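Structural description and commentary
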Amino acid sequence: MASTIEKKENNIVEISLEATREEFEAALKQSYNKNKGKFQIQGFRKGKVPYQLVIQYYGEGVLYDDAIEFIASPAYVEAVKEHDLKVVSRPDLSIDEIGENGMKYKLAVSVKPEFELGQYEGVEVPYSVREVNDTTVSEEIERMLKRNASLEEIKDRAVENGDTAVIDYEGFKDGVAFEGGKGENYSLKIGSKSFIPGFEEQIIGHNVGDEFAIEVTFPEEYHSEDLKGAAATFNVKLNTIKCEKLPELDDEFAKDVSEFDTLDELKADIKKKQEDSAQKEAKAAFENAVITAVSENTEIDIPDSMVDTEIDQMVNEQNSRMSQQGINLDMYLKYVGQSMDEYKASLKPMAKIRVKSNLVIEKIASVINMEATKEDYDKEVEIIAESYKMSKEDIAKSLGEDNEYLKEAIISRKTVEYIASKAVKTEPKEEKTDDDKKA
């Protein structure tokens, strides 16, 4: 079926098509065969009403919806191929004429924007690597000590900041106990700020066996409507005080927490891992900055449909991340008082940046003829297999031969690495202190 196209504003293409009366008649009969079980006329069993009688009794308009689909769908696919359109939205159908003369209609679609690349080689971008030294190693050792600490019961002093207080408590608002405000033998780390503001501080100084009242005010943004901004009293009994006891920092500690025999070996391994991590972070930050700079050098009129699709992708990604932590995105948004539409609107600026960056990377890949070789593909399969702890053969089988999505990901990554290799690393600008700004 012949078609013509007309380019509109904002990368909209309008495809004009026409079906003859014979073609439309054939589509009507297809629609009849699909829907004939719905028609019933006296004297005929359901589903046995002849085509002509359906037209006569109901009017041919009753068959239009599916007939239009039978005509437009294959014609649309053919037109996209014929005009080599890079469609990025669902088609929007409008009917100009339908009936005894056949069908004339238009399909409007958004297409990938055409644009000229700005400078993408030799852009200047700051580069820095996070410092790794004895202090950063010591900080990691300290975290390891805390992760392996034990709690030792304290009997000869009052609660101090950093202790864990084991308490019974019950909360009252206007003298009435409220739901969810009671607990027994609850372990509360003082200073963790895991309770209502002001609660933990009022436990400091009390001894085991003390029974006392704590006065607090719930935050205005508290999740319970009844307690938002409300004053409350908690009756508290201090059952036990526990203090964190760190392990001895020696070779035995190194053996307990790692595969190393000495503390020096453990520290050397930590430093090596921190240096590797710092290099990877610096590389990723530099590549992101380079792509940002290249994107800023390029003007693109991005279709709204591409941004909307990217926003939906970002929502799915966030939902997936939160579900892994046992959190539902819809419930979270309800908790913070934000609608899905508001949340999507907040994602729009970043979605535009992501779409623009992807378009620029794709364009550069085309210009420099970047390819995903068999070696690239096999290596990527191997990396995926290692991350999922599966065999390379099983991953290759599940992906299928020449997985296009994987090839595109490889090409994109190689293109980013190419652009970064052509960029010029500069010294990062020193951030001005408050004194500098005043001067």
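Going by the structure above, here's the rest.
Residues numbered from 1 in each chain as written. Predicted model: local features only at pLDDT ≥ 70, side-chain atom pairs only at ≥ 80, totals over all residues. Heavy atoms only, no water.

Our focus in this paragraph is the pattern of salt bridges. Enumeration over the complete set of coordinates arrives at 29 salt bridges. Here Lys8 and Glu6 are joined by a salt bridge, their closest N and O atoms 3.3 Å apart. Classification of Lys8 by relative accessible area gives partly exposed; the value is 39%. The residue Glu60 makes a salt bridge to Arg21 at a minimum N-O spacing of 3.1 Å. Residue Glu60 is found in the loop between α2 (51–58) and α3 (64–82), and its partner Arg21 is found in helix α1 (residues 21–35); the two are separated by 39 residues along the sequence. The class of Glu60 is buried, set by a relative accessible area of 17%. Exposure remark for Arg21: the relative accessible area of 22% places this residue in the partly exposed category. Bridged by salt links that share partners, the residues Arg21, Glu25 and Glu60 form one connected network. (Salt bridge = Lys/Arg side-chain N within 4 Å of Asp/Glu carboxyl O. Buried < 20%, exposed > 50% of the residue type's maximum accessible area, 1.4 Å probe, protein only. Helix = DSSP H or I, 4+ residues; strand = E, 2+ residues; numbered from the N terminus.)

At a closest axis distance of 9 Å, the pairing of helix α9 (residues 340–367) and helix α12 (residues 404–422) adopts a crossing angle of 85°. The pairing of α9 with α12 is recorded here as roughly perpendicular in orientation. Residue-level contacts link Ile361, Ile364 and Ala365 of α9 to Ile411, Ser412, Thr415, Val416 and Ile419 of α12. Broken down by class, the residue content of the contact of α9 with α12 amounts to six nonpolar, two polar and no charged. (Axes fitted to C-alpha atoms, helices over the stretch in contact; angles between N-to-C directions. Parallel < 35°, antiparallel > 145°, perpendicular 65-115°, else oblique. Contact = heavy atoms within 4.5 Å. Nonpolar A, V, L, I, M, F, W, Y, C, P; charged D, E, K, R; others polar.)

Let's shift gears to the sheet that holds strand β2 (residues 12–19). The pairing of strands in a sheet happens through backbone hydrogen bonds and is either parallel or antiparallel. Strand order in the open sheet formed by four strands is β1-β2-β4-β3, and the pairing between neighbours is antiparallel. Edge strands, defined here as strands with exactly one partner in the open sheet, are β1 (3–7) and β3 (92–99). For this sheet, the mean angle separating the axes of adjacent strands, direction not counted, is 15°. Relative to strand β4 (residues 102–110), β3 runs antiparallel, the two sharing seven bridges. The residue of β4 that forms the bridge with Glu97 is Lys104. Set on the sheet, α3 makes contact with β1, β2, β3 and β4; between it and β4 the angle comes to about 55°. (Pairing = 2+ DSSP bridges.)

This part takes up helix α10 (residues 374–387). For α10, spanning 14 residues, the distance from its first C-alpha to its last is 20 Å, which sits close to the expected 20 Å at 1.5 Å a residue. Among all positions in α10, only Asp376, Tyr377, Glu380, Val381 and Ala385 are buried. Close packing links the buried residues of α10 with α11 (392–399) and α12. Phi for Lys389, located one or two positions after α10, is positive at around 55°. (Expected span 1.5 Å × (residues − 1).)

For the rest of this paragraph, the subject is the packing of α1 against α3. Interhelical geometry of α1 versus α3 gives an angle of 120° and a closest axis separation of 8 Å. Between α1 and α3, the crossing angle belongs to the class labelled oblique. The interaxial crossing formed by α1 with α3 has right-handed handedness. In this structure, α1 contributes Glu23, Phe24, Ala27, Leu28, Gln30, Ser31, Lys34 and Asn35 to the contact, and α3 contributes Tyr64, Asp66, Ala67, Phe70 and Ile71. For the contact of α1 with α3, a count of residues per class yields seven nonpolar, three polar and three charged. (Left-handed = near helix turned anticlockwise from the far one by under 90°.)

Note on placement: Ile95 falls in strand β3. For Ile95, a relative accessible area of 34% puts it in the partly exposed group. The contacts of Ile95, once residues within four sequence positions are left out, are Ile68, Met103, Lys104 and Tyr105.

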